[in-house]
Amino acid sequence: MAKNYYQILGVSKNAGPEEIKKAYYKLAHKYHPDKGGDESKFKEINEAYQTLSNKEKRQQYDQFGRVFEGGGGFQGGQPGWDFGFGQGFDNADFDLGDIFGEMFGFGGQTRTRDLKRGKDIEVEIELSLEDILKAQEKEIILDKEILCNRCQGRGSEPGSKVKECFSCRGQGEVQQIKKTFLGSFARYTVCPECGGEGTKPEKPCNVCKGAGRIRGEERIKIVIPAGVDTNQVIKVEGKGEAGKKGGKPGNLYLRIFIKKHPVFKRRGDDIFVSLPVSFSQAALGDEVEVPTLEGSKLLLKVLQGTESGKVLRVSNKGIPHFSGWGRGDMFVELVLKTPKKLSKRQKELLEQLKKEGV
């Protein structure tokens, strides 16, 4: 026999949508299983509201005494699933996201993973172009969680024992059973007794209070390879924060920043420099001095008739390749230098050249 949805909600057949909604809210709060209500009655109330709050379903129910649907609704008084969240479920006093996360394994609280592992640390290191011509050894001081010297990370006073947690039996997580209108579901949460550790010391360490680590400074020597570039990240294994109670430490990540150079510009492992030359040097040819990253000078030959903008290449005078094999090149752009002030003699000579068509 078909159920009388109007009678279940306690409304008349002429009741409007707002009256039906109010009746549903009142009954849902009264019979909600989490509030100690009758679960079967709560399901029945939801079933009735799902039908009467939907115009098409209500018309079918009023005409035939049931709802004819292939995949949704409550057909012939038997509960199907209609996830039309705008029609009552989302307004009820429960969270469907939690329920279905527990049913199908997504959402909600996940199982305990590596709660003991220390956090990773990222540090920015600023270098000059000259610094990266060879490997650099630097010492940095980090303010972080470090291993407790008194208990050596165990979290217990020296000589005292560490026992398996009675609540979780060493698993670090406990099972909780939650009752909902869809049934009872199990989920795992961090054990509140041991905080996910799985063990408890008989006597916690007096220094770290059982954590196995304390806040402090650590001096770390690091080697930065030659040829590093801006935004390159170097990983230093195990030099992040100490783990809890002997857990694995985090890692240290060094993010490199190369300072802007006043003379050279870097493109990959090549460097570029502009070198001013006079008109006479460009026209007649000459040998000019070129600066290098090492601080020395190179003699570079300028051929007769060289035009402004000419680029000369000097092999193996750029940045060392990060792989450790070879170096990039240095490119020298010759830029014609026009004097702004001339002596009387210079002007006379230029006038003569002008008359000669030069």
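Source: prediction; values computed, not measured. (Residues numbered from 1 in each chain as written. Predicted model: local features only at pLDDT ≥ 70, side-chain atom pairs only at ≥ 80, totals over all residues. Heavy atoms only, no water.)

What follows covers the overall build of the protein. A tally of regular secondary structure across the protein gives seven helices and 17 strands. For the protein, buried positions account for 38% of its 358 residues. Put simply, the protein shows about 22,100 Å² of open surface, and 49% of that area lies on carbon and sulfur atoms. (Helix = DSSP H or I, 4+ residues; strand = E, 2+ residues; numbered from the N terminus. Buried < 20%, exposed > 50% of the residue type's maximum accessible area, 1.4 Å probe, protein only. Areas by Shrake-Rupley, 256 points an atom, 1.4 Å probe, with all protein chains shown as cover.)

Following both chains from N to C, one finds helix 3 (residues 39–52) and helix 4 (residues 55–64) inclined at 105°, their axes separated by 6 Å at the closest point. With respect to each other, helix 3 and helix 4 are oriented roughly perpendicular. Residues Q50, T51 and L52 of helix 3 lie in contact with helix 4, whose contacting residues are K57, R58 and Y61. Taken together, the residues of the contact of helix 3 with helix 4 sort by class into two nonpolar, two polar and two charged. (Axes fitted to C-alpha atoms, helices over the stretch in contact; angles between N-to-C directions. Parallel < 35°, antiparallel > 145°, perpendicular 65-115°, else oblique. Contact = heavy atoms within 4.5 Å. Nonpolar A, V, L, I, M, F, W, Y, C, P; charged D, E, K, R; others polar.)

All right, on to the environment of V11 then. Structurally, the position occupied by V11 is in the loop between helix 1 (5–9) and helix 2 (17–31). Residue V11 is classed as buried on the basis of its relative accessible area of 12%. Between the C-alpha atom of V11 and that of Y24, which follows or precedes it by 13 residues, the distance is 9.8 Å. The contacts of V11, once residues within four sequence positions are left out, are Y6, E19, I20 and A23.

For the rest of this paragraph, the subject is the pairing of strand 15 (residues 297–302). Pairing between strand 14 (residues 286–291) and strand 15: six bridges, direction antiparallel. Bridging across to strand 15, V290 finds its partner in L298. (Pairing = 2+ DSSP bridges.)

So, about the pattern of salt bridges. Should their charged atoms come close, side chains of opposite charge can pair. Applying the stated criterion to the full structure yields 19 salt bridges. Of the charged contacts in the structure, one is a salt bridge between E44 and K41, with a shortest N-O distance of 3.8 Å. A residue pair is termed a helical-turn pair when its members lie 3 or 4 positions apart in one helix, as E44 and K41 do in helix 3 at three residues. With a relative accessible area of 22%, E44 lands in the partly exposed category. Put simply, R117 and D120 hold a salt bridge, and the shortest N to O gap is 3.0 Å. Assessed through its relative accessible area of 30%, R117 is described here as partly exposed. Because the salt bridges share partners, they merge into one network encompassing K3, K41, E44 and E47. (Salt bridge = Lys/Arg side-chain N within 4 Å of Asp/Glu carboxyl O.)

In this section: helix 2. For helix 2, with 15 residues, the first-to-last C-alpha span of 21 Å sits near the 21 Å given by 1.5 Å per residue. Lining the buried residues of helix 2 we find helix 1, helix 3 and helix 4. (Expected span 1.5 Å × (residues − 1).)

This paragraph deals with helix 7 (residues 344–355). With twelve residues, helix 7 extends 17 Å from end C-alpha to end C-alpha; this agrees with the ideal 16 Å at 1.5 Å per step. Of the residues one or two after helix 7, G357 is the one with positive phi, at around 85°.

Under the counting rule described, the total for this entry stands at five aromatic pairs. Arranged with centres 5.8 Å apart and planes meeting at 50°, the rings of Y24 and Y25 form a pair that is tilted. Exposure remark for Y25: the relative accessible area of 25% places this residue in the partly exposed category. Among the aromatic residues, those joined into a cluster by ring pairs are Y5, Y6 and Y61. Positioned above the aromatic ring of F166, the side-chain terminus of R169 is 4.6 Å from the ring centre. (Phe/Tyr/Trp six-rings, centres within 6.5 Å; stacked < 30°, edge-to-face > 60°. Lys NZ or Arg CZ within 6 Å of the ring centre and 35° of its normal.)

In this section: the sheet that holds strand 11 (residues 252–258). Pairing is mixed across the open sheet formed by three strands, whose spatial order is 3-11-10. The open sheet terminates on both sides in strands that have one partner only, identified here as strand 3 (121–127) and strand 10 (233–236). Neighbouring strand axes in the sheet, compared pairwise and without regard to direction, differ in orientation by 25° on average. Taken together, the four bridges between strand 10 and strand 11 define a ladder with antiparallel strand orientation. Counterpart to V236 in the pairing with strand 11 is L252.

As a further point, take the sheet that holds strand 17 (residues 330–336). Here four strands make up an open sheet; going across it, the order is 12-13-17-16 and the pairing mixed. Two strands lie at the open edges of the sheet, namely strand 12 (265–267) and strand 16 (311–314), each paired on one side alone. Going across the sheet, the axis of each strand differs from the next one's by a mean of 30°, ignoring polarity. Alignment of strand 13 (residues 270–277) against strand 17, held across seven bridges, turns out to be parallel. The residue bridging I271 from the neighbouring strand is M330, located in strand 17.

Within the secondary structure, G210 sits in the loop between strand 8 (199–201) and strand 9 (213–224). Distance from G210 to E157, taken between C-alpha atoms, is 8.3 Å for residues 53 residues apart in sequence. Apart from the residues lying within four places of it in its own chain, the contact partners of G210 are G155, P204, C205 and K245.

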